[in-house]
Amino acid sequence: MVAIVVGVVALAFAVVSIAGFESPPPPLLQPDEHEEEPDGVLRFGVVADVITLNPQGTSSLTDFRVINCVFEGLLATDARDLSLKPGVAVGLPDVSDDGRVYTFTLRDDARWSNGDPVTADDFAFAWRRAITYDFASVYSELFWVIEGALDAWSWREQQLNDFDPDTQTAQEAWDAFQQHLTDTVAIEAADDRTLRITLAAPTAYFSELVTFGTLMPNHRKTVEPCITLDESTGRAVFDSRYFTDPDRLISNGPFALREWKLRRRMTLDANPHYWDNTNVTLARIIQVVIEDNEPLLVTRYLDGDLDWLPEIGQALAVRLREADLPGAYTVPRAGLEYYAFNVRDTVDGQPNPLVDVRVRRALAMAIDKRALVEKVTRLGEPVQSSFVPVGAVRGYDPPVEEDLGHDPDAARALLAEAGYPGGDGFPTLRLLFNTSTSRERVAVRVANQWKETLGIEVATENYEWRSYLDRRRKGQFHVARSGWFGDYQDPTTWLMLMAENNPNNATGYADPAFNQLMRDAANETDPPKRLDLLRQAEAKMLRDQPIVPLYQVVSLQLVAPRVSGLHNNAWNNLNLERVVVRSDSGSPAD
Amino acid sequence: MLTLLLSRLIQLPVILAVIFLLTLTLVWVIPGSPLETEDARQVDPEVLEAMEAQYGLDASTPVFAWNYLVDVTTAFDFGPSLQYPGQTVRGILAKTLPVSMALGVGALAFGLLLGTTAGVLGALKPGSALEATSLTVALIGISLPSFVTGNILLAVFAGLTRRYLPDAEVLHLPLGGWGSPAAMVLPAVALGLAPAAYIARLIRLGLADVMSSDFVRTARAKGLTQHQALFGHALKVAFLPVLSFMGPAAASALTGSFVVEKVFNIPGLGQDFVNAVLNKDQFLLLAIVLVYSTLLILFNLVVDVAYAWLDPRIEVG
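Residues numbered from 1 in each chain as written. Chains lettered and ligands numbered in written order. Predicted model: local features only at pLDDT ≥ 70, side-chain atom pairs only at ≥ 80, totals over all residues. Heavy atoms only, no water.

Let us now look at a nonpolar patch on the surface. Residue and element names in this part refer to chain B. Residues Ile140, Leu144, Ile152, Val156, Leu160, Tyr164, Leu165, Val170 and Leu171 make up a contiguous nonpolar surface patch of roughly 810 Å² in combined accessible area. Sort the elements by how many residues they give to the nonpolar patch and helix H6 (residues 146-164) lands first, with four residues. Structurally, Ile152 can be placed in helix H6. Taking relative accessible area as the criterion, Ile152 reaches 44% and is therefore assigned partly exposed. (Patch = residues over 30% accessible without salt bridge, like charges linked within 9 Å, V, L, I, M, F, W, Y side chains within 5 Å. Areas by Shrake-Rupley, 256 points an atom, 1.4 Å probe, with all protein chains shown as cover. Salt bridge = Lys/Arg side-chain N within 4 Å of Asp/Glu carboxyl O. Helix = DSSP H or I, 4+ residues; strand = E, 2+ residues; numbered from the N terminus. Buried < 20%, exposed > 50% of the residue type's maximum accessible area, 1.4 Å probe, protein only.)

Right, let's talk about the pattern of salt bridges for a bit. All names here are of chain A. Applying the stated criterion to the full structure yields 35 salt bridges over all chains. One salt bridge in this structure joins Asp239 and Arg241, with 3.0 Å as the shortest N-O distance. Classification of Asp239 as partly exposed rests on a relative accessible area of 22%. Note that Arg530 is salt-bridged to Asp490, the shortest N-O span being 2.9 Å. Highlighted residues: Arg530 in helix H17 (residues 527-544) and Asp490 in the loop between strand E19 (479-485) and helix H15 (492-495), separated in sequence by 40 residues. The exposure class of Arg530 is buried, given its relative accessible area of 5%. Ionic contacts of the salt-bridge type, sharing partners, join the residues Asp121, Arg220 and Glu224 into one network.

Inspection of helix H12 (residues 269-279) of chain B places B:Leu269, B:Gly270, B:Gln271, B:Asp272, B:Asn275, B:Ala276 and B:Asn279 among the buried residues, and these make up the whole buried set. Elements in contact with the buried residues of H12(B): helix H14 (465-474) of chain A together with helix H4 (89-124), helix H11 (258-263) and helix H13 (282-310) of chain B. Positive backbone phi, approximately 55°, marks B:Lys280, located one or two places after H12(B). (Contact = heavy atoms within 4.5 Å.)

Looking now at the interface of chain A and chain B. Residue-level contacts link 62 residues of chain A with 64 residues of chain B. Residue B:Asp272 pairs with A:Arg263 through a salt bridge whose shortest N-O separation is 2.1 Å. Here chain A is connected to chain B by five residue pairs in polar contact (both at pLDDT 80 or more). Of all the secondary-structure elements, those providing two or more residues to the side of chain A that touches chain B are helix H1 (2-20), helix H4 (149-161), helix H8 (294-302), H14 and E19 of chain A. Ranked by residue count, the leading element in the side of chain A that touches chain B is H1(A), at ten residues. Considered class by class, the residues forming the side of chain A that touches chain B number 31 nonpolar, 14 polar and 17 charged. (Polar contact = N/O pair within 3.5 Å; in protein donor to acceptor, adjacent residues only side chain to side chain. Nonpolar A, V, L, I, M, F, W, Y, C, P; charged D, E, K, R; others polar.)

Attention now moves to the environment of B:Thr136. All names here are of chain B. Mapped onto the secondary structure, Thr136 falls in helix H5 (residues 129-143). Overall, Thr136 belongs to the partly exposed group, its relative accessible area being 42%. Along the backbone, Thr136 and Asp77 are 59 residues apart, and their C-alpha atoms lie at a distance of 48 Å. For Thr136, the side chain forms a polar contact with the main-chain oxygen of Ala132, separated by 2.6 Å.

Attention now goes to the side chain of A:Ser60. All names here are of chain A. Mapping Ser60 onto the fold places it in the loop between strand E1 (41-46) and helix H2 (61-70). Among the residues examined, Ser60 registers a relative accessible area of 13% and is labelled buried. One polar contact links the side chain of Ser60 to the main-chain amide nitrogen of Thr62, over a distance of 3.2 Å.

All names here are of chain A. Burial of strand E14 (residues 328-341) is extensive: ten of the 14 residues sit out of reach of the surface. Across seven bridges, the pairing between E14 and E19 is antiparallel. Bridging across to E19, Phe341 finds its partner in Val479. (Pairing = 2+ DSSP bridges.)

Attention now goes to the confidence of the model for chain B. Residue and element names in this part refer to chain B. Summing up the model confidence of chain B, the mean pLDDT is 83 and the portion of residues at 70 or higher is 96%. When mean pLDDT is compared element by element in chain B, H4 scores highest at 88, while helix H9 (residues 226-238) scores lowest at 80. Among the scores for the predicted complex, ipTM is 0.77 and pTM is 0.86. (pLDDT = per-residue confidence, 0-100.)

Turning next to the domain arrangement of chain A. Residue and element names in this part refer to chain A. Segmentation of chain A into domains returns domain 1 (2-51 + 257-307 + 560-581), domain 2 (72-244) and domain 3 (332-553). Summarising the inter-unit geometry, the C-alpha centres of domain 2 and domain 3 are found 35 Å apart. Counting residues at the interface gives 16 residues for domain 2, matched by ten residues for domain 3. Contact between domain 2 and domain 3 buries roughly 1100 Å² in total, counting both sides, with carbon and sulfur atoms accounting for 55%. (Domains from an automatic or database assignment. Buried area = accessible area lost by both parts, 1.4 Å probe.)

A separate point is unusual backbone geometry. Residues and elements named next belong to chain A. Phi at Arg263 is positive, roughly 65°, even though this residue is not glycine. Of note, the phi angle at Gln545 is positive, near 55°, even though the residue is not glycine. Turning to its location among the elements, Gln545 is positioned in the loop between H17 and strand E20 (547-559). The class for Gln545 is buried, based on a relative accessible area of 4%.

Per the counting criterion, the structure on display carries 30 aromatic pairs over all chains. Judged by centre distance (5.7 Å) and plane angle (5°), the rings of B:Phe20 and B:Tyr68 are stacked. Taken together, the positions of B:Phe20 in helix H1 (residues 2-29) and B:Tyr68 in helix H3 (residues 61-75) put the pair 48 residues apart, joining distant regions of the chain. With a relative accessible area of 2%, B:Phe20 lands in the buried category. Residues B:Phe64 and B:Phe283 carry aromatic rings whose centres are separated by 5.6 Å and whose planes lie at 55° to one another, so their mutual orientation is tilted. A residue pair is termed long-range when its members are at least 10 positions apart, and B:Phe64 in helix H3 and B:Phe283 in helix H13 qualify at 219 residues. Like B:Phe64, the residue B:Phe283 is buried in the burial classification. An aromatic cluster of at least three residues, connected via ring pairs, comprises A:Phe135, A:Trp155, A:Trp174, A:Phe177, A:Phe238, A:Tyr242 and A:Phe243. Directly above the ring of A:Trp275 sits A:Arg107, whose terminal nitrogen or CZ lies 3.5 Å from the centroid. A cation over a ring is seen here: A:Arg129 above A:Phe238, with NZ or CZ 4.5 Å from the ring centre. (Phe/Tyr/Trp six-rings, centres within 6.5 Å; stacked < 30°, edge-to-face > 60°. Lys NZ or Arg CZ within 6 Å of the ring centre and 35° of its normal.)

As a further point, take the packing of H4(B) against H13(B). Residue and element names in this part refer to chain B. For the pair H4 and H13, interaxial distance at closest approach is 10 Å and the crossing angle is 50°. For the element pair H4 / H13, the angle class is oblique. As for the relative orientation of H4 and H13, their crossing is right-handed in sense. Of H13, the residues touching H4 (which contributes Val89, Ile92, Leu93 and Leu97) are Phe283, Leu284, Ala287, Ile288 and Val291. Looking at side-chain class alone, the contact of H4 with H13 contains nine nonpolar, no polar and no charged residues. (Axes fitted to C-alpha atoms, helices over the stretch in contact; angles between N-to-C directions. Parallel < 35°, antiparallel > 145°, perpendicular 65-115°, else oblique. Left-handed = near helix turned anticlockwise from the far one by under 90°.)

Pasting the structure below:
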């Protein structure tokens, strides 16, 4: 009887094993000794896979790291000095005197990975797709600077709400919308090589913006057929499998997708049709995914199987930094960690003491940021006293309000002045953060500083990401841990957060003077004057203290000594196509 | 027997429908939107609304539930993954379920073999060192959680052997991952040790009981040796409790162990399940719950049938 059971099990085992293993077995963690690989392969390891390669469908930095390899925008950023360099466009755009009309000239040798020329229409198509309500592109808001874009979005939303399949076919509605896009949205492909954009207001950073992943082109000929129309609702449906399938995805960057095994590995090969392929030094890039297992990633790195680990979580990073591991570099990023104060009149129906700027300032001044980065976060994070990280934007010096530094006595005096001497009568302060060990340590530390310095009780409230967002959105907090990475090199990528009605403005801060300065800056065509207005706006906001900046985010990465040309900067622009990997040297532990 | 099969198969969709509704309700009460990915930014509310409309999530819960049920039953379409746009839930299941099943079958095979052997050996010589050893192994197997045994196995067979026995390549097992039979050995052992221990205990106790029962004494009196009585008659009866244990054990082993998959970095369904909960990826979550429930019900049915086959005294109906 046992023999029967064992036999059945063994048989089932054999069958399922064959089904379970793909053929040929993909080498994941075993060294790929038998696979023939070209010279110049960069292998990097991450703990979470790319979500999508749809440039208009993501806001994740992990995705953009790969999207920047497989697509190329009109302009690109030089990783060495963060200057703008030509991409598909031959050079910087012609800008009209009023700063609103940008004309890009495309190079005639730009090619898609199937050999087709990259045309102005491919950009226009991608951008129009990004502002189409049906496709709900996460980053549609970046296009609102273009004249007519926001209106077109709303127009389509209204059209769909009114859609009646009895009076109109989905195709008719779609055609009408396409006509509306052409007529009203100022994205114009004048000819194959000329793209003309008219902006709603002068937007000095528009040239920086076109380097961003969301503004990369689509190969219209193959992307357009992925759109189908739903007859009952009139909605257009996009088949996003296109962006996961190496056999279908056509891209225009230095690399093209060769293989993608979800949550295991992704292989990119040099794109032979890329216009600048003679300057591409890598033949292949492999992203290895080891989900949520950083120690294993580091082991593979030390074994010499991985060349680069672009991001290591806080806890392990601190240990690696202190262990002085070869190839461990810390890089300050264009992101900051800050605490947002709720400035609304009430919190959950109770009066909110934080409406008083003196209370907010007292809280800010009671935080010893230096102790925080030296004793808690421990990655050498630069302490931050402005909202725009120092050095993140060329030509912009953020205002630094010296008198808002760590000053326990002044903090106590301010709190007493606001009517809470020694914390008397102050309600329990609710400090909200999302689950993470390092964030918890920071929160506990800050809570202690507030308790010791100001004598107020603090309840730290820890929620997983979505619950945290939900509470933050509903204003159910006094203080909320927040973080922000800039998208493009301009102060507005941070400052717009504090504008009224910005969805990421958790504080409820709505200051007419700040908003006016932001509007003035948006209409200013003279770059130095504009930056000065932005500086004034930031200074005003910092004085009002709806937030307290804590520190600039620092990431630790491991780069094997055999890798050169990996220019790490504060931004996500790495120019991986210029990286060189020597094959001779052994593991970094040697 | 036919009545049993029929009635169970009729119950199946009803049970599944109840499970589906319960899960859906639970998913619905979790706050936040599945479309807001971790540590990305908060999406513009207008855009978020459009995104929800894109997936039919803007409909009321009953409408959504009905549409989803229709898709699943008519087209076997579990919808898109909200976490990975461009991947369908069916595609994800097709990739990860076979991996988990292969691992689960390996673990069960290991568990059955080791458990039965240890149980029988222990029962053959009560009070001997053999019995003490098999009981000790069983105790360890039951007490140690799989992430501990998993990490110990990794340390020994992927770490120490490489360092101290550099020539014994057969003992150099992969650190993790999936793709070769060698990569399956350690996770299957880690996952199979606990069932092995249970099985050993069940068989050991069952045999002790059965060997002193009347029908075995009769068999022995008729001249059967102890071995003949044990393998010919007693084991069959002592195996019954193992069978009832195997139903749920098989369902849970086949649909993936999150912990073991995590420790060994295996791209299986268990990881998907936990990720789907964390990401509120409701299409994927509902699909996994349905797959798991179906397997659980089916395996219990198989166990009941096997019961009747092994022990004619049991009436199933």
